[in-house]
Amino acid sequence: MKKFKTLTSRVVPLPIENIDTDQIIPARFLKATTREGFGENLFRDWRFDADNRPKADFVMNDPTYSGKILVAGKNFGCGSSREHAAWAIQDYGFDVVISSFFADIFKGNALNNGVLPVQVTDAFLEKIFSAVFADPNAELVVNLEAQTVTISDTGESFEFEINPYKKSCLINGYDDIDFIISHKEQIEEFERNRPFSYA
C-alpha cells in the first residue's frame, strides 16, 4: 500500500445516510477476484441509468466536485461485509472517506486496503458539507499523524480516533504481512534466544 501521512484535497460530497455496500458496489460486479477495475462500478446504479448513460444529477458525474476525499452521510458502509466495497472506493481514487458513523466491518476493510475512514461528529460533518456546498473548491486537510481533519477555509479542525496499529500501517504503507516483515530482525532475535521446552 502507498504511505499516507497528510492529504490536502477538494471534496466529493454525498450527503446520504445509510449507504450500504450493495449501493457502493452492486452484487452483480463481485465476480472478479482481484482488486483492479472495481472503481468503474463504484455507485454504479446511482451513477448510470439502465442504458449505461451517466446520470447528470449524481454528484460524481458533476464536474463541479472532485477530489480524493469522499464525504458521506451517517452510517456509511452498512449491509453486507463485502471487501469489494473498499476495493471500489480505493480503485476509483478516494484515499479518505469521512462520515459521522461507519459500519465496523467496512471500517476494517477500508483500513486494510489503504483507505482512511475518518469518523467525525454529526455537527462537524455538517460544517464540512456547508463549506463544500458554499464553495466547491473548498479543501480539507487530513493529517493522519496528528489525527486531525481541518476545513482549510475556516481553520476549524476535528481530532479523530484510529487504531494505533492501523495508523502505523497506513503511515508506513504496510499491510499486515509487510508489518510482520518489518520486524524480521526482532523476530529472528527472539527465536534465537527463546528457551525451548520439549515437555
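Going by the structure above, here's the rest.
Parameters and conventions
Residues numbered from 1 in each chain as written. Predicted model: local features only at pLDDT ≥ 70, side-chain atom pairs only at ≥ 80, totals over all residues. Heavy atoms only, no water. Axes fitted to C-alpha atoms, helices over the stretch in contact; angles between N-to-C directions. Helix = DSSP H or I, 4+ residues; strand = E, 2+ residues; numbered from the N terminus. Parallel < 35°, antiparallel > 145°, perpendicular 65-115°, else oblique. Left-handed = near helix turned anticlockwise from the far one by under 90°. Contact = heavy atoms within 4.5 Å. Nonpolar A, V, L, I, M, F, W, Y, C, P; charged D, E, K, R; others polar. Buried < 20%, exposed > 50% of the residue type's maximum accessible area, 1.4 Å probe, protein only.

## Comments concerning the packing of helix α3 (residues 84-92) against helix α4 (residues 104-112)
Packing of α3 against α4 leaves a shortest axis separation of 8 Å and a crossing angle of 45°. As far as their axial angle goes, α4 and α3 are oblique. As α3 packs across α4, the resulting crossing turns out to be right-handed. Counting all contacts with α3, which are made through Ala85, Ala86 and Ile89, the residues of α4 involved are Phe106, Asn109 and Ala110. Among the residues making up the contact of α3 with α4, the classes are represented as five nonpolar, one polar and no charged.

## A closer look at the environment of glycine 77
Structurally, glycine 77 can be placed in the loop between β2 (69-72) and α3. Since its relative accessible area comes to 3%, glycine 77 is described here as buried. Taking C-alpha positions, glycine 77 is 5.4 Å from alanine 103, a pair spaced 26 residues apart along the chain. When neighbours within four sequence positions are excluded, glycine 77 is seen to be in contact with Ile19, Thr21, Ile24, Ala103 and Phe106.

Worth remembering: the numbers are spatial, not functional.
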